[in-house]
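As a plain string of letters, each chain reads:
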Amino acid sequence: MKSTLRLLAKATKASKKTGPSVRDESVQLLRSALYEIPNENALHMDKESWKKHEIINRAWGIHQSRKQKELKCSYEKQFQAMQEACEELRLTSESLFNASMTGSKSRRFPIQTRIPTDTPPRIMS
Amino acid sequence: MIRFFSRQISTKPHFYAQFVRNAQHRHISTGCSVGTILIRSPILTRTPSEFEKSVYKYNAELWNELSAPLPKEFYFKKGSVGEKDWKTRQKDLEGRESPFQAIFENEHKLMEDNALSDPSTYLQPRITEADQAGDVHSTQRCLEKSLFLLIKPTKDAEWQFPIVPIESDQKALHLLCQEQLQNILDEQSLVWFVANHPIGLIKQDEKKLFLLRARLVQGLRVPKVENVFDWAWSSYEELPNRLSPTTWNSVKDILHDRL
């Protein structure tokens, strides 16, 4: 029994590292866990998949810019229609125009407005 | 609200010339009326196109590959029981995106099939019965698109937006429209006018129709429209089928599929 205890003591003493190297290692470990370096394991793609990646990104860029252009165009048309209608109203009747230009600047959407969801609500009131 | 408009526009030569030309036609007595474009905005999100879906999938896979793995040396001591346990669990997870998928796989399947015991977790289908029946009277039709209210006030009239003739100078346009909508819709539906001024104009041989924009807020389910012969909630694609060509030409720039 005593010999086994001695053996155990020897083994534990031998495996325990002491001195400044232990602290350095643990600090290094903490640092690597806390401060993750982005793109450290960057993918190394072969030429073919890199080309594909480029094409995909460019296609997405084109798709997005097309959408933005359409949206911008639609907004401009709506604004122009609004301007013309208001001008027509102003020339038709000054008092009605003034009545329509009321309303506070801090006007907001009503609170009961719902935003789009992925599935419809169970109870539609 | 566009307070600065009057000064900005009247200095433009285009509008000044028009003003001089048509001075005699500009009075309310010459058949002006005001109408409302009542919009039921989309209830569901847009389905992404095939291209968009594939790009999202590609980016998700790329993100998974690029993201830093778990720093196992930090969390598990080398050779410890915890590390061995974690390694065996990682082997089970092979091919799945996250541990949650492995743990909750069965329940997730049950949830998607609406087989769980709690009825509040049931998902409703995106295509409603009104969609399948093609019921134009109900607002539950195209949940992804916006619907616009069209009315046939009498049997022989054509399809039009809810219109009120302007009689006098005294009552503001938005009040007239509000009253008319109150007549037509029931009490439960809440309508919110986006602005008090018109957003569009329809000219038809000296008759002017100013259009105001309103949204259906509460009462997204409008069971009945009263005091009219017939009504229809039509989407943007169906509008040219119902409206007259002059109306459609003036209105097609203002409206949109998902408004």
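It should be emphasised that the depicted structure is a prediction, and the values quoted were computed from it without experimental measurement.

Engineer: Looking at this structure, how should I read the overall build of chain A?
Structural biologist: Each helix and strand counted, chain A has four helices and zero strands in total. Starting at the N terminus and walking to the C terminus, you meet the elements of chain A as α-α-α-α. Within the span of chain A, comprising 125 residues, buried residues form 20% of the whole. Summed over its atoms, the accessible surface of chain A is roughly 10300 Å², and 58% of this surface lies on carbon and sulfur atoms.

Engineer: Even after reading the chapter, I still don't get the interface of chain A and chain B, so can you show me in this structure?
Structural biologist: It is common to give the size of an interface as the accessible area that goes away when the parts come together. Across the boundary between the two partners, chain A contributes 56 residues, which contact 74 residues of chain B. Carbon and sulfur atoms make up 65% of the area that chain A and chain B hide from each other, which totals about 5800 Å². Along the contact surface separating chain A from chain B lie four salt bridges. At the level of elements, helix H2 (20-34), helix H3 (47-92) and helix H4 (94-100) of chain A are the ones that each hand at least two residues to the side of chain A that touches chain B. Considering every element that reaches the side of chain A that touches chain B, the biggest residue donor is H3 of chain A, with 22 residues.

Engineer: Whenever I open this one, the pairing of strand S5 (residues 200-204) of chain B confuses me. Can you help?
Structural biologist: For a regular strand, side-chain orientation follows a simple rule: the groups alternate between the two sheet faces. Residue and element names in this part refer to chain B. Sheet topology note: the S5/strand S6 (residues 207-216) ladder contains five bridges and is antiparallel. When the bridges of S6 are listed, Lys203 appears paired with Lys208. Where S5 folds back onto S6 in an antiparallel hairpin, the turn is made up of two residues, including Asp205, whose phi is positive at roughly 35 degrees.

Engineer: How should I be thinking about the environment of Ser21 of chain A in this particular structure?
Structural biologist: Take Ser21 of chain A: it is sitting in helix H2. With 71 residues separating them in the primary sequence, Ser21 of chain A and Thr92 of chain A have C-alpha atoms 89 Å apart.

Engineer: Sorry, what's going on with the pattern of salt bridges here?
Structural biologist: Side chains bearing opposite charge may pair, as long as their charged atoms lie close to each other. With the rule as written, the count across this model stands at 13 salt bridges over all chains. In this structure, Arg90 of chain A and Glu87 of chain A form a salt bridge, with 3.1 Å as the shortest nitrogen-oxygen distance. Here Arg90 of chain A and its partner Glu87 of chain A are both found in helix H3, three residues apart, which amounts to about one turn of the helix. The exposure class assigned to Arg90 of chain A is buried, which follows from its relative accessible area of 15%. The salt bridge partner of Lys53 of chain B is Glu50 of chain B, with a shortest N-O separation of 3.7 Å. One end of the pair, Lys53 of chain B, and the other, Glu50 of chain B, are both in helix H3 (residues 50-66), three residues apart, so they sit about a helical turn from each other. Taking the relative accessible area as the measure of exposure, Glu50 of chain B reaches 61% and is therefore exposed. Members of the salt-bridge network, linked through shared partners, are Lys67 of chain A together with Arg46 and Glu52 of chain B.

Engineer: Looking at this structure, how should I read the side chain of Gln140 of chain B?
Structural biologist: Structurally, the position occupied by Gln140 of chain B is in the loop between helix H8 (129-133) and strand S2 (147-152). Residue class for Gln140 of chain B comes out buried when judged on its relative accessible area of 13%. Here Gln140 of chain B is in contact with Met124 of chain A together with Arg40, Ile43, Thr128, Ala130, Leu220 and Arg221 of chain B, once residues within four sequence places are set aside.

Thresholds, definitions, all that
Residues numbered from 1 in each chain as written. Chains lettered and ligands numbered in written order. Predicted model: local features only at pLDDT ≥ 70, side-chain atom pairs only at ≥ 80, totals over all residues. Heavy atoms only, no water. Helix = DSSP H or I, 4+ residues; strand = E, 2+ residues; numbered from the N terminus. Buried < 20%, exposed > 50% of the residue type's maximum accessible area, 1.4 Å probe, protein only. Areas by Shrake-Rupley, 256 points an atom, 1.4 Å probe, with all protein chains shown as cover. Contact = heavy atoms within 4.5 Å. Buried area = accessible area lost by both parts, 1.4 Å probe. Salt bridge = Lys/Arg side-chain N within 4 Å of Asp/Glu carboxyl O. Pairing = 2+ DSSP bridges.

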